[in-house]
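# Commentary on secondary and tertiary structure
Residues per chain, in single letters:
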Amino acid sequence: MRRTKKDRQQMLKETIKENPFITDEDLAEKFQVSVQTIRLDRLELSIPELRERIKYVAEKKFEDEVRSLPIEEVIGEIIDIELDQSAISIFDVKEEHVFIRNKIARGHHVFAQANSLAVAVINDELALTAKANIQFKRSVKQGERVIAKAKVTKIDDGIGRTIVEVSSYVNNELVFKGEFEMYRSEKSLKDEKR
């Protein structure tokens, strides 16, 4: 039995409220309508597209947490962060990020996502990349979503350095891997608690 437009739109609002990261494609499948119908429903209900919803949630949640750089300077959208421990961001590769002739993402965009996440995870007013050891595992193409995961593996207050490992994935396939040695101006919170 098909739902009425009003019922579908009410359920759409509730679904997006519960999961602001759900895609139009997933919504279309869930409600058994076309993607275009979902987009029109969102438009009528003044619900922004996925990218804007993610940006809003991330900015609201993390604007007071990220210390080392303004949240709008992070490449990609931070969706989770625990300072001096771990962070996750997503980056949707669009036309402006790729080479025109082959639609492959320019490497500096994938690197910038990982590097800015390594900076953002540092619990310090000043965090700079001192050294990076990186590997591109495969090309990333237009339309793909890159999920970068950063993990702080070592904090050395003696020399003011923190090691952050970042792995970036497209559909659970490793596309980029980097180890970033980050300079920090302050001692870690672990040291301050002693």
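Computed from a predicted model, the values in this text were never measured in an experiment.

Our next topic: the environment of Ala132. Along the chain, Ala132 turns up in strand β3 (residues 127-136). The class for Ala132 is partly exposed, based on a relative accessible area of 38%. Put simply, Ala132 and Met182 are 50 residues apart on the chain and 8.6 Å apart in space, counted from C-alpha to C-alpha. Non-local contacts of Ala132, meaning those with residues more than four positions away in its chain, are made with Phe111, Glu179 and Phe180.

The tally for this structure, following the rule as stated, stands at eleven salt bridges. Where Arg42 meets Asp24, a salt bridge forms, and the shortest distance between an N and an O atom there is 3.0 Å. Residue Arg42 is located in helix α3 (residues 35-45), and its partner Asp24 is located in helix α2 (residues 24-31); the two are separated by 18 residues in the primary sequence. Across the pair, Asp24 and Arg42 agree in class, each one buried. Salt bridges sharing common partners tie together Asp24, Glu25, Arg39 and Arg42.

Low-pLDDT portions of the prediction should not be read for the details of their coordinates. This prediction gives the protein chain a mean pLDDT of 86; 85% of its residues lie at or above 70. Taken element by element, the protein chain is modelled with least confidence in helix α6 (residues 189-192), mean pLDDT 48, and with most confidence in strand β5 (residues 161-170), mean pLDDT 96. Counted against residues more than four places away or in other chains, residues 189-194, with its pLDDT under 50, gives six contacts.

Here the focus is the nonpolar core. For soluble globular proteins, nonpolar side chains are generally found buried alongside one another. Grouped together as the largest cluster of nonpolar side chains are 29 residues, with contacts concentrated most on Val93, Val140, Val146, Val164, Val166, Phe180 and Met182. Beyond its immediate stretch of four places on either side in the chain, Met182 contacts Ala118, Val119, Ile122, Leu128, Thr129, Ala130, Gly160, Arg161, Thr162 and Val164. One finds Ile22, Val33, Ile38 and Ile47 within the second-largest nonpolar core, a separate group that totals nine residues.

In this section: the pairing of strand β4 (residues 145-156). With seven bridges joining them, strand β2 (residues 86-92) and β4 adopt antiparallel strand pairing. In the strand pairing of β4, Ala87 is matched with Ala150. Across nine bridges, β4 lies against β5 in antiparallel orientation. Bridging across to β5, Lys149 finds its partner in Ser167. A loop of four residues connects β4 with β5, the two strands running antiparallel in sequence, and Gly160 in this loop sits at a positive phi of about 65 degrees.

Moving on to the packing of aromatic side chains. Inspection of the entire model under this criterion finds two aromatic pairs. A centroid spacing of 5.9 Å and a plane angle of 40 degrees characterise the contact between Phe111 and Phe180, whose relative ring orientation is tilted. Residue Phe111 is located in helix α5 (residues 107-120), and its partner Phe180 is located in strand β6 (residues 173-184); the two are separated by 69 residues in the primary sequence. By relative accessible area, which is 0% here, Phe180 ends up buried. Sitting over the ring of Phe99, Arg106 keeps its end group 5.1 Å from the ring centre.

Cut-off values and rules
Residues numbered from 1 in each chain as written. Predicted model: local features only at pLDDT ≥ 70, side-chain atom pairs only at ≥ 80, totals over all residues. Heavy atoms only, no water. Helix = DSSP H or I, 4+ residues; strand = E, 2+ residues; numbered from the N terminus. Buried < 20%, exposed > 50% of the residue type's maximum accessible area, 1.4 Å probe, protein only. Contact = heavy atoms within 4.5 Å. Salt bridge = Lys/Arg side-chain N within 4 Å of Asp/Glu carboxyl O. pLDDT = per-residue confidence, 0-100. Core = buried A, V, L, I, M, F, W, Y, C linked by side-chain atoms within 4.5 Å. Pairing = 2+ DSSP bridges. Phe/Tyr/Trp six-rings, centres within 6.5 Å; stacked < 30°, edge-to-face > 60°. Lys NZ or Arg CZ within 6 Å of the ring centre and 35° of its normal.

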